[in-house]
Amino acid sequence: MRTHDAPHAAAQPHVLDVADVVAGYGKNTVLRGVGLTVGESELVALLGHNGAGKTTLLRSIVGQVKPTAGRVLLDGADFTGRPPSATAVAGMSLVPQGHGVFPSLTIEENLTLAAATGGKRGASAATLADSKAFAFDLFGILKQRPKDRAGSLSGGQRQMLAISMALMTQPRLMLLDEPSTGLAPVLVDEVLAAVRKVNRELGTSVLVVEQDIKRVLGVADRAYVLKLGGLVFTGTPAQLEKRDWSELF
Ligand SMILES: Nc1ncnc2c1ncn2[C@@H]1O[C@H](COP(=O)(O)OP(=O)(O)OP(=O)(O)O)[C@@H](O)[C@H]1O
Ligand SMILES: [Mg+2]
């Protein structure tokens, strides 16, 4: 018999749990009650047409947009409407659309700045060195040119640097907003393979927004499709392959 005060076995919370989120800009409601989850070490793709609300959802999760209803939980703790500084300290790291690198700083300076300003403070020098080494192993091109200014890098290299910057904070949940936009197909594969490697080798949970549906389905465990601010599909890549895409996108 269960009594009110007896502890009962709670289900393991998801790393990210978004429930019934309503959000937008002023009077323009973009998200009309969206719920999704990302599990431990899961890589989840968030898909949808231009303007569907994907970026708005990522912003609502990390606190750049305040939901007017619904809940955003990280490891079961409520972060709804908390500022980006709080979600970053708790372990969320967003790689924004158009990658947020500092063009006038070198690769190395960008990484140092990311470690100092994002996520948990006070990570040991050894931890930071490990994160940097992992990023440099992931993207050899950055390791070869640490003193180059970010502004001199190609689009693909900037994206690699932006992902590396996110890694410097040892995130629990990495959110990526269209990491492959504007990249040649071979670089799309390289960037997505690197995201998968981070997910597999570090156990980082990932929510990735992507336009290149075919390619992201090759690395995702699960996918959601957002249309006009509401979810129209949740399932595995194999299940999505079988659906009529003209209804979803
Ligand atoms: N800062 C803003 N102020 C007002 N409206 C905005 C703002 N950002 C986005 N919107 C509107 O919100 C809606 C959803 O935009 P959002 O950027 O979330 O879409 P998206 O799915 O990320 O699209 P894309 O694939 O083009 O990046 C659009 O109608 C857009 O015009
Ligand atoms: Mg967007």
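Predicted, not measured: the structure shown is a model, and the values here were computed from it. (Residues numbered from 1 in each chain as written. Chains lettered and ligands numbered in written order. Predicted model: local features only at pLDDT ≥ 70, side-chain atom pairs only at ≥ 80, totals over all residues. Heavy atoms only, no water.)

*Asks:* Would you take a moment to explain the packing of aromatic side chains for this structure?
*Replies:* Describing an aromatic ring pair means giving the distance of the ring centres and the angle of the ring planes. This model, assessed by the stated rule, comprises one aromatic pair. Taking 5.7 Å as the distance between ring centres and 65° as the angle between the ring planes, the aromatic pair formed by Trp245 and Phe249 counts as edge-to-face. (Phe/Tyr/Trp six-rings, centres within 6.5 Å; stacked < 30°, edge-to-face > 60°.)

*Asks:* Even after reading the chapter, I still don't get the coordination of the magnesium ion (ligand 2), so can you show me in this structure?
*Replies:* For a metal bound by four donors in tetrahedral geometry, the ideal donor-metal-donor angle is 109.5 degrees, whereas six donors in octahedral geometry ideally sit at 90 or 180 degrees. Surrounding the magnesium ion (ligand 2) are the protein donor atoms Thr55 (OG1) and Gln97 (OE1), at 2.0 to 2.5 Å. Of this pair, Thr55 sits in helix H1 (residues 54-62) while Gln97 sits in the loop between strand S6 (92-95) and helix H3 (107-117), and the two are 42 residues apart along the sequence. (Donors = N, O, S within 2.8 Å, 3.2 Å for Na, K, Ca; no water. Helix = DSSP H or I, 4+ residues; strand = E, 2+ residues; numbered from the N terminus.)

*Asks:* Can you help me understand the site of ligand 1 in this one?
*Replies:* Ligand 1 sits among 15 residues. The nearest are Gly51, Lys54, Thr55, Thr56 and Gln97. For ligand 1, an oxygen atom lies 2.9 Å from a polar atom in the backbone of Gly53. Gln97 is positioned with one of its side-chain polar atoms (N or O) 2.9 Å from an oxygen atom of ligand 1. Burial of ligand 1 by the surrounding chains reaches 61%, relative to a free accessible area of 640 Å². Those elements giving two or more residues to the shell around ligand 1 turn out to be strand S2 (28-38) and H1. Class assignment for the residues of the shell around ligand 1 results in three nonpolar, nine polar and three charged. (Near = heavy atom within 4 Å. Polar contact = N/O pair within 3.5 Å; in protein donor to acceptor, adjacent residues only side chain to side chain. Areas by Shrake-Rupley, 256 points an atom, 1.4 Å probe, with all protein chains shown as cover. Nonpolar A, V, L, I, M, F, W, Y, C, P; charged D, E, K, R; others polar.)

*Asks:* Could you clarify how one ought to interpret the nonpolar core in this entry?
*Replies:* Across soluble globular proteins, you tend to see nonpolar side chains buried next to one another. Judged by nonpolar contacts, the single largest core of 46 residues is most densely connected at Leu47, Leu142, Leu161, Met174, Leu176 and Leu240. If you tally residues by element for this core, the top one is helix H6 (residues 155-167), at seven residues. Residues in contact with Met174, not counting those within four places in the same chain, are Ser93, Ile163, Ala166, Leu167, Val198, Thr204, Ser205, Val206 and Leu207. By size, the runner-up hydrophobic cluster in this structure holds 28 residues, among which are Leu36, Val38, Ala52 and Val65. (Core = buried A, V, L, I, M, F, W, Y, C linked by side-chain atoms within 4.5 Å. Buried < 20%, exposed > 50% of the residue type's maximum accessible area, 1.4 Å probe, protein only. Contact = heavy atoms within 4.5 Å.)

*Asks:* How should the side chain of Gln159 be read in this particular structure?
*Replies:* Relative to the helices and strands, Gln159 is located in helix H6. Contacts of Gln159, omitting those with residues within four sequence positions, involve Val95, His99, Pro179 and Val191.

*Asks:* Whenever I open this one, the environment of Arg149 confuses me. Can you help?
*Replies:* Considering the arrangement of structural elements, one finds Arg149 in the loop between helix H5 (140-144) and H6. Along the backbone, Arg149 and Glu109 are 40 residues apart, and their C-alpha atoms lie at a distance of 8.8 Å. Among residues more than four places away in sequence, those in contact with Arg149 are Pro103, Ser104, Leu105 and Thr106. Among the polar contacts listed, one links the side chain of Arg149 to the backbone oxygen of Ser104, at a separation of 2.5 Å.

*Asks:* Is there a simple way to explain the pattern of salt bridges in this structure?
*Replies:* Opposite charge on two side chains allows them to pair when their charged atoms are near. With the rule as written, the count across this model stands at 12 salt bridges. With a shortest N-O distance of 2.6 Å, Arg222 and Glu42 are connected by a salt bridge. Here Arg222, found in strand S9 (residues 222-227), pairs with Glu42, found in the loop between S2 and strand S3 (43-48); they are 180 residues apart in sequence, far enough to count as distant. With respect to burial, Arg222 and Glu42 carry one shared label: buried. Between Asp78 and Arg71 there is a salt bridge; the shortest N-O distance is 3.2 Å. Overall, Asp78 belongs to the partly exposed group, its relative accessible area being 40%. Shared partners join several salt bridges into a network, and the residues in it are Glu40, Asp75 and Arg172. (Salt bridge = Lys/Arg side-chain N within 4 Å of Asp/Glu carboxyl O.)

*Asks:* Got a minute to help me understand the layout of surface pockets in this structure?
*Replies:* Approximately 510 Å³ is the volume found for the largest pocket. Secondary structure elements with two or more residues in the lining of the largest pocket: helix H2 (84-90), S6, H3 and H6. When grouped by side-chain class, the residues that make up the lining of the largest pocket number 14 nonpolar, 10 polar and one charged. Taken as a whole, the second largest pocket spans an internal volume of roughly 170 Å³. Lining of the second largest pocket is provided by Asp130, Ser131, Phe134, Leu167, Gln170, Pro171, Arg172, Leu202, Gly203 and Thr204. Broken down by element, the lining of the second largest pocket gets its largest block of residues, three residues, from helix H4 (residues 125-138). Residue classes in the lining of the second largest pocket are distributed as four nonpolar, four polar and two charged. (1 Å grid on protein atoms, 1.4 Å probe; cavity = no way out; pocket = protein on both sides within 12 Å on 5 of 7 lines; lining within 4 Å. Points joined across faces, edges and corners; volume = space filled by probe spheres on them.)

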